[in-house]
Amino acid sequence: SPGEPECVVTTREEYEVLLAHVQFPAQCAILDPMSGTGTTRHVLEAFGHSVHLNDVNGKHPSCTHYDALQPSYWRRCYSQGHRVVVTSPLFAVADLLLWFASSTMDLVCAHLPITFVFSAPVARQQWLQALGHQRRLLLIVGLPPGKYGYRCLWLCIFATADLLAQHAVTQALHSLRFHA
């Protein structure tokens, strides 16, 4: 609709790539703070995961309609036992959402355009490099093209290197270097 942000649906195939590389903790409730059309729930529940949907847009089917860009939202989610996030956030607010989510949760997996990482501004480059050096970052690239031909990746941030070692099926990114 005019005046509303574009909602780019993540495909089932893109979720399947994530599931091939990350083993979610047993019996965890996965949170999607910007759930859009609810694809996260449809796909992950088919693989046996419980998913809680939230979207500030009341037109989207979700359990709650809180603003995921507010610190109180993340405190509420944490107090309710949520520790894992899988989301395809609005690209324009992804930096802020990732900062809140990764400051609170044990694992955050975000579906983002490949340019989010490989054409990142300096501040984001430095943040991603720091996560890589701390062995907390897993980038999953080579996803099939999305619905509109977008090339995306999964950016996974773990609270600790131990959690990454425990839940990543593939090797983590230990070094990320950007060149001007």
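Keep in mind that this is a model prediction, so the values were computed, not measured. (Residues numbered from 1 in each chain as written. Predicted model: local features only at pLDDT ≥ 70, side-chain atom pairs only at ≥ 80, totals over all residues. Heavy atoms only, no water.)

Undergrad: Would you mind going over the overall build of the chain in detail, with residue names and values included?
TA: In terms of regular secondary structure, the chain is built from seven helices and six strands. Along the chain, helices and strands appear, N-terminal first, in the series α-β-α-β-α-β-α-β-α-α-β-β-α. Relative to a compact globule of 180 residues, whose C-alpha radius of gyration would be 16 Å, the chain shows 15 Å and is just as compact. Counting only C-alpha atoms and orienting by the principal axes, one finds that the chain spans roughly 40 × 35 × 30 Å. Going through the 180 residues of the chain one by one, you find that 48% of them count as buried. Contacts spanning at least 24 positions in sequence make up 63% of the contacts within the chain whose residues lie at least 6 apart. Carbon together with sulfur atoms contributes 54% to the accessible area of the chain, which is approximately 8900 Å² in total. Distance between charge centres in the chain, computed from 12 positive and 12 negative side chains, equals 5 Å. (Helix = DSSP H or I, 4+ residues; strand = E, 2+ residues; numbered from the N terminus. Rg over C-alpha atoms; globule rule 2.2 N^0.38 Å. Buried < 20%, exposed > 50% of the residue type's maximum accessible area, 1.4 Å probe, protein only. Contact = heavy atoms within 4.5 Å. Areas by Shrake-Rupley, 256 points an atom, 1.4 Å probe, with all protein chains shown as cover. Lys, Arg positive; Asp, Glu negative; His and termini not counted. Charge placed at Lys NZ, Arg CZ, Asp CG, Glu CD.)

Undergrad: Tell me about the pattern of salt bridges, and please be specific about residues and values.
TA: Pairing is possible between side chains that carry opposite charge, provided their charged atoms lie close to one another. The tally for this structure, following the rule as stated, stands at three salt bridges. Among the salt bridges present, the one from Arg12 reaches Glu16, with a minimum N-O distance of 3.0 Å. Taken as a pair, Arg12 and Glu16 lie in helix 1 (residues 12–21) at a separation of four residues, close to a single helical turn. The partly exposed category is assigned to Arg12, whose relative accessible area is 38%. (Salt bridge = Lys/Arg side-chain N within 4 Å of Asp/Glu carboxyl O.)

Undergrad: Any details on the packing of aromatic side chains? Residues and values, ideally.
TA: Taken as a whole and assessed by the stated rule, the structure comprises four aromatic pairs. With centroids separated by 6.4 Å and ring planes inclined at 50 degrees, the aromatic side chains of Tyr66 and Tyr73 adopt a geometry described as tilted. Since its relative accessible area comes to 37%, Tyr66 is described here as partly exposed. Where Trp99 meets Phe100, the ring centres are 5.5 Å apart and the plane angle is 70 degrees; that geometry is what we call edge-to-face. Judged by relative accessible area, which is 12%, Phe100 ranks as buried. (Phe/Tyr/Trp six-rings, centres within 6.5 Å; stacked < 30°, edge-to-face > 60°.)

Undergrad: Quick rundown of the environment of Asn54? Include the residues and the values.
TA: Take Asn54: it is sitting in the loop between strand 2 (50–53) and helix 3 (71–79). Asn54 gets classed as buried once you look at its relative accessible area, which sits at 0%. In this structure the C-alpha to C-alpha distance between Asn54 and Ala68, which are 14 residues apart in sequence, comes to 8.0 Å. Within the structure, the side chain of Asn54 is placed 2.7 Å from the side chain of Thr64, a separation counted as a polar contact. There is a polar contact of 2.8 Å between the side chain of Asn54 and the backbone nitrogen of Tyr66. (Polar contact = N/O pair within 3.5 Å; in protein donor to acceptor, adjacent residues only side chain to side chain.)

Undergrad: An account of unusual backbone geometry is requested, with residue identities and associated values reported.
TA: Notably, Arg135 is not glycine yet its phi reads approximately 60 degrees, a positive angle. Tracing the backbone through its elements, the reader meets Arg135 in the loop between helix 6 (122–133) and strand 5 (137–140). The class of Arg135 is partly exposed, set by a relative accessible area of 41%.

Undergrad: I'd like to hear about the packing of helix 1 against helix 2 (residues 39–46), residue by residue, with values.
TA: Here helix 1 crosses helix 2 at 50 degrees, and the two axes come no closer than 10 Å. By the angle between their axes, helix 1 is oblique relative to helix 2. Where helix 1 crosses over helix 2, the two elements pack in a sense that is right-handed. Across from Arg12, Tyr15 and Leu19 in helix 1, the residues of helix 2 making contact are Thr39, Thr40, Val43, Leu44 and Ala46. In the contact of helix 1 with helix 2, the residues fall into five nonpolar, two polar and one charged. (Axes fitted to C-alpha atoms, helices over the stretch in contact; angles between N-to-C directions. Parallel < 35°, antiparallel > 145°, perpendicular 65-115°, else oblique. Left-handed = near helix turned anticlockwise from the far one by under 90°. Nonpolar A, V, L, I, M, F, W, Y, C, P; charged D, E, K, R; others polar.)

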